[in-house]
Amino acid sequence: MNRAEMKLRSVPKEMFDETKRLEEILGVIRKYNLVKNGLTPETLRHILEDLGPTFIKIGQIMSSRGDVLPKEYCEELELLRAEVKPLEIDVVRKEIENELGKPINELFKSIDEKPLGAASIAQVHAAVLPDGRKVVIKVQRPYVADMMMKDFALLSKAAKMAKITPVNQTIDFNMVVQELKQVSINELDFRIEAETTMEFARNMEGINYVTCPVIEEEYTTQRVMTMSFIDGFSIGNLEKLDAEGYDRKEVATKLVNNFLKQVLDDGLFHADPHQGNLEILNGKIVWLDWGMVGRLGKKEQNILKTAITAVVQKDVNLMKNAVLSLGKPKKEINHPMLFNDIDDIMERYCAMNLEDMNIGELLGEVVELAGIHGISLPEGFSMLVRALVTIEGVIAKLNVDVNMAELFSGKVMHDILDEFDLKKELLGDSRALYESAKKSLSIPSLSSDLIKAVIKGQTKINVEPVGFEPLMKRVEILVGDMILCIIMASLIVSSSLICTTNMHPQILGIPALGFGGFVAALAMGIYLIIKLHNRKK
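About the thresholds
Each residue is numbered by its place in its chain's sequence as written, counting from 1. The predicted nature of this model means local features are confined to residues of pLDDT at least 70 and side-chain atom pairs, given and counted, to a pLDDT of 80 or more, with totals for whole chains, interfaces and linings taken over all residues. Excluding hydrogens and water, the side-chain figures rest on all heavy atoms present in the structure. Relative accessibility thresholds used throughout: buried, under 20% of the residue-type maximum; exposed, over 50%; partly exposed, between the two (1.4 Å probe, protein chains only). Where helices and strands are cited, they refer to DSSP runs of H or I of at least four residues and of E of at least two residues respectively, numbered from the N terminus. When DSSP finds two or more bridges between two strands, those strands count as paired. Residue contacts follow a heavy-atom distance rule, with two residues in contact if any of their heavy atoms lie within 4.5 Å. Note on geometry: axes are C-alpha line fits, over the in-contact stretch for helices, and angles between N-to-C directions span 0 to 180 degrees. Our angle categories are set so that under 35 degrees counts as roughly parallel, over 145 as roughly antiparallel, 65 to 115 as roughly perpendicular, and the remainder as oblique. For any pair of crossing helices, the crossing counts as left-handed if the nearer helix is rotated counterclockwise from the farther one by less than a right angle, and right-handed if it is rotated clockwise. In this count, Pro and Cys sit with the nonpolar residues alongside Ala, Val, Leu, Ile, Met, Phe, Trp and Tyr, while Asp, Glu, Lys and Arg are called charged and the others, Gly among them, polar. A score between 0 and 100, pLDDT records how confident the predictor is in each residue. Basic side-chain nitrogens of Lys or Arg form a salt bridge, by our definition, when they fall within 4 Å of a carboxyl oxygen of Asp or Glu. For this analysis, a polar contact is any N or O atom pair within 3.5 Å, provided that within protein one partner can donate a hydrogen and the other can accept it, and provided that sequence-adjacent residues contribute only side-chain to side-chain pairs. Residue types Ala, Val, Leu, Ile, Met, Phe, Trp, Tyr and Cys, when buried and joined through side-chain atoms within 4.5 Å, form a set referred to as a nonpolar core. Patch criteria: residues need more than 30% relative accessible area and no salt bridge. Like-charged residues are merged within 9 Å; nonpolar side chains of Val, Leu, Ile, Met, Phe, Trp and Tyr are merged within 5 Å. Only the protein chains shown count as cover for residues, with accessible areas throughout obtained via the Shrake-Rupley method and a probe of 1.4 Å. Residues counted as positive are Lys and Arg, residues counted as negative are Asp and Glu, and His and the chain ends are not counted. Charge positions are represented by NZ for Lys, CZ for Arg, CG for Asp and CD for Glu. Any pair of Phe, Tyr and Trp rings, taking the six-membered ring for Trp, is counted once the centres come within 6.5 Å. Such a pair is stacked with planes under 30 degrees apart, edge-to-face with planes over 60 apart, and tilted for the rest.

Chemist: How should I be thinking about the pairing of strand β6 (residues 224–228) in this particular structure?
Modeler: On any regular strand, side chains alternate: one points to one face of the sheet, the next to the other face. The element β6 is extensively covered by neighbouring structure, given that five of its five residues are classed as buried. Bridging between strand β4 (residues 134–140) and β6 involves five bridges; their strand directions are antiparallel. Residue Val 136 lies in a different strand from β6, and its bridge partner there is Met 227.

Chemist: Please explain the environment of Asn 257 as it appears in this structure.
Modeler: In this fold, Asn 257 is placed in helix α12 (residues 248–266). Each C-alpha atom of the pair Asn 257 and Phe 408 lies 8.2 Å from the other, and the pair is 151 residues apart in sequence. Look past the residues within four positions of Asn 257 in its chain and what remains in contact with it is Tyr 209 and Leu 407.

Chemist: Would you mind going over the packing of helix α13 (residues 298–313) against helix α14 (residues 316–326) with me for this structure?
Modeler: What describes two packed helices is the angle between their axes and the distance between those same axes. In the contact formed by α13 and α14, the axes pass within 8 Å of each other and the chain directions differ by 160°. When the interaxial angle is binned, α13 and α14 end up roughly antiparallel. Between α13 and α14 lies a crossing whose hand is left-handed. Two secondary-structure elements touch here, α13 through Lys 299, Glu 300, Ile 303, Thr 306, Ala 307, Thr 309, Ala 310, Val 311 and Gln 313 and α14 through Leu 318, Met 319, Ala 322, Ser 325 and Leu 326. Within the contact of α13 with α14, the residues separate by chemical class into eight nonpolar, four polar and two charged.

Chemist: Teacher, can you tell me more about the confidence of the model for the chain here?
Modeler: As a general rule, the predicted coordinates of low-pLDDT regions are not to be interpreted in detail. Averaged over every residue, the pLDDT of the chain is 81; residues scoring 70 or more account for 81%. Taken as a whole, residues 165–171 scores under 50 in pLDDT and shows eleven contacts with residues more than four places along the chain or in a different chain.

Chemist: Help me understand the pattern of salt bridges, please; the structure alone is not making it clear to me.
Modeler: Side-chain pairs of opposite charge can arise whenever the charged atoms involved come near each other. Taken as a whole and judged by the stated rule, the model has 21 salt bridges. Between Glu 76 and Arg 45 there is a salt bridge, and its shortest N-O distance comes to 2.4 Å. Remark: Arg 45 occurs in helix α3 (residues 41–50) and Glu 76 occurs in helix α5 (residues 71–77); sequence separation between them is 31 residues. Comparing Glu 76 with Arg 45 shows no difference in burial state: the two are buried. Residue Lys 240 pairs with Glu 244 through a salt bridge whose shortest N-O separation is 3.5 Å.

Chemist: Any chance you could explain the side chain of Ser 228 here in plain terms?
Modeler: Position of Ser 228 relative to the elements: it lies in strand β6. Only 2.8 Å separates the side chain of Ser 228 from the backbone nitrogen of Val 214, close enough to count as a polar contact. The residues touching Ser 228, leaving out its near neighbours within four places in the chain, are Lys 134, Val 135, Val 136, Pro 213 and Val 214.

Chemist: Whenever I open this one, the nonpolar core confuses me. Can you help?
Modeler: Most often, soluble globular proteins keep nonpolar side chains buried together rather than apart. Counting 72 residues, the largest nonpolar core has Phe 259, Phe 269, Trp 287, Leu 304, Ile 359 and Phe 408 as the members making the most contacts within it. The element that contributes the greatest number of residues to this core is helix α17 (residues 379–398), accounting for ten residues. In contact with Leu 304, not counting residues within four places along its chain, are Val 263, Leu 264, Leu 296, Leu 363, Phe 381, Leu 384 and Phe 408. Core analysis: the second largest hydrophobic core is formed by 37 residues, Met 6, Ile 58, Ala 122 and Met 225 among them.

Chemist: Quick question: what am I supposed to make of the packing of helix α15 (residues 335–350) against helix α16 (residues 359–372) here?
Modeler: Put simply, α15 and α16 touch, their axes get as near as 11 Å, and they point 170° apart. Classified by the interaxial angle, the pair formed by α15 and α16 is roughly antiparallel. For the pair α15 and α16, contact is made by Leu 338, Asp 341, Ile 342, Ile 345, Arg 348 and Tyr 349 and by Glu 361, Leu 362, Glu 365 and Leu 369, respectively. Taken together, the residues of the contact of α15 with α16 sort by class into six nonpolar, no polar and four charged.

Chemist: What is the right way to read a negative patch on the surface from this model?
Modeler: Together, Glu 355, Asp 356, Asp 401 and Glu 406 line one region of the surface with negative charge. Positionally, Glu 406 belongs in helix α18 (residues 404–419).

Chemist: I'm lost on a nonpolar patch on the surface in this one. Help?
Modeler: On the surface, Val 475, Val 479, Ile 483 and Ile 487 cluster together to form a nonpolar patch covering roughly 300 Å² of accessible area. Among the structural elements, Ile 483 can be located in helix α21 (residues 469–499).

Chemist: Would you mind going over the packing of aromatic side chains with me for this structure?
Modeler: To describe a pair of aromatic rings, one takes the distance between the centres and the angle between the planes. This model, assessed by the stated rule, comprises six aromatic pairs. Three or more aromatic residues joined by ring pairs make a cluster, and in this case those are Phe 200, Trp 287 and Trp 290.

Chemist: How should I be thinking about the pairing of strand β9 (residues 278–281) in this particular structure?
Modeler: Of the strand pairs in this sheet, strand β7 (residues 233–234) and β9 are connected by two bridges, and their pairing is antiparallel. Across the sheet, residue Phe 233 finds its bridge partner in β9, namely Ile 280. Two elements, β9 and strand β10 (residues 284–287), share four bridges in a ladder whose sense is antiparallel. Bridge pairing in β10 links Glu 279 to Val 286.

Chemist: Looking at this structure, how should I read the sheet that holds β10?
Modeler: Hydrogen bonds between backbone groups are what pair the strands of a sheet, and the pairing can be parallel or antiparallel. The mixed open sheet is built from four strands, whose spatial order is β5-β10-β9-β7. Every interior strand has two partners, whereas the edge strands, β5 (210–211) and β7, have only one. Most of the contacts of α12 go to β10, to which it runs at about 45°, and overall it touches β5, β9 and β10.

Chemist: How should unusual backbone geometry be read in this particular structure?
Modeler: Apart from glycine, the bulk of residues carry a negative phi angle, and the bulk of peptide bonds sit in the trans form. Cis geometry is adopted by the peptide bond preceding Pro 505, which originates at His 504 and carries an omega value of 0°. The backbone phi angle of Asp 289 is positive, close to 55°, even though this residue is not glycine. Its place among the elements puts Asp 289 in the loop between β10 and β11 (293–295). The class for Asp 289 is partly exposed, based on a relative accessible area of 37%. At Asn 399, a position not held by glycine, the phi torsion is positive, near 60°. Tracing the backbone through its elements, the reader meets Asn 399 in the loop between α17 and α18. Judged by relative accessible area, Asn 399 falls into the exposed class, the value being 62%.

The structure is reproduced here in structure tokens:
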């Protein structure tokens, strides 16, 4: 499989007319009068539905991007459903031949004409390789990637032409278009999904209860992906689970433990783990469809462990530090307010027993809180929250007494103990004790010096208030404006006094010095008016 930059094809005029498509996009935007009414969650869903299958798929992708869209938008986009007519088998064969460069009868022994599934981007067919192995072929619809990229270019133009601005300071439509484009590229290049699937397989080596489809690299390109056929059944098929003697609780526990390994150990996790993407085959959990994944670096993994530890220990300061360490502030942080908001969340959840706690909802509230305070969290963290909620839904469907919060905290505590080095900790504590003892010897003399300084009036105590920074900045701006007004008034008064004299040289019958003072005052006045006007925007 040759992994290179995604290439686009020239779309036939009859399939995509840029002028007509731009008019269509602008027509939909005008229909909902976004400039006047704003881009509400429901309006966004209706717009995507009106613009067709491509945009519906974009909405479905974005429903899991809580790092880009607010919670209410993601929930609304989850309602999107695309009814797509399957491609004719001749079209599918032609696409496969174009991508793999050989006649279809040389590539496959047979291909089922009826698709296993059809979606807005691709459809899936069962097939048999020349050596008799059963496989599944995922074939991208003709020109879908090319038309989506053109749609993004036109959507950017439409957004600028319609002058769409952030709605209630919450969602920037232009920014969302760019984010959508990047996410969609990852979905449209099947080589990325193939590489991710193979990476997951490597991460799971040595774990005998988990597997995934095997990628056939020679039969995989940007628009065609071939993998082994999984003849299993959905994890949500309770009747089949029970009939074949599976212990539901064991299945649920292994599912969660494996997902936690993906998150906390590997840093690569399935971002859409619904029951349609989880099958059971020969005693193994099969993870399907690795098109939507999340990634966490070591830093994010450690901070996530810190957040879970904060919940277990009911430590508000630790949780606050975790949130600030994980995200990047987009504006000045109001630390007292952030502390109080986190305290409210912690008070509600820490009052629960671990078995009653919903870890997905807890982290979801943390993500929402970070957004309110202008803290931008990593993309992977937001996708993790969605995945956790989905996994908890799968467990609820299995109807067993398995709690993710308990398993999550247990995994974190186990990892902390594994990383604990007693010899190193004792050595560190010994050094700290020695340093403390050494410093404690100087405490009496330092205390004496401090008392003498206080008596002599040589000590100054600085108090730095927290949370007053925005107010102090406004005061500084007002003081600056007042000083400018005073200087301007002084120039006018002094220039007026000079005008009462017969001082030379003169300009327009006015002493030049006084004339210069009036001009300077006028310039200052114009500057102040412009400054005040811009500040109101």
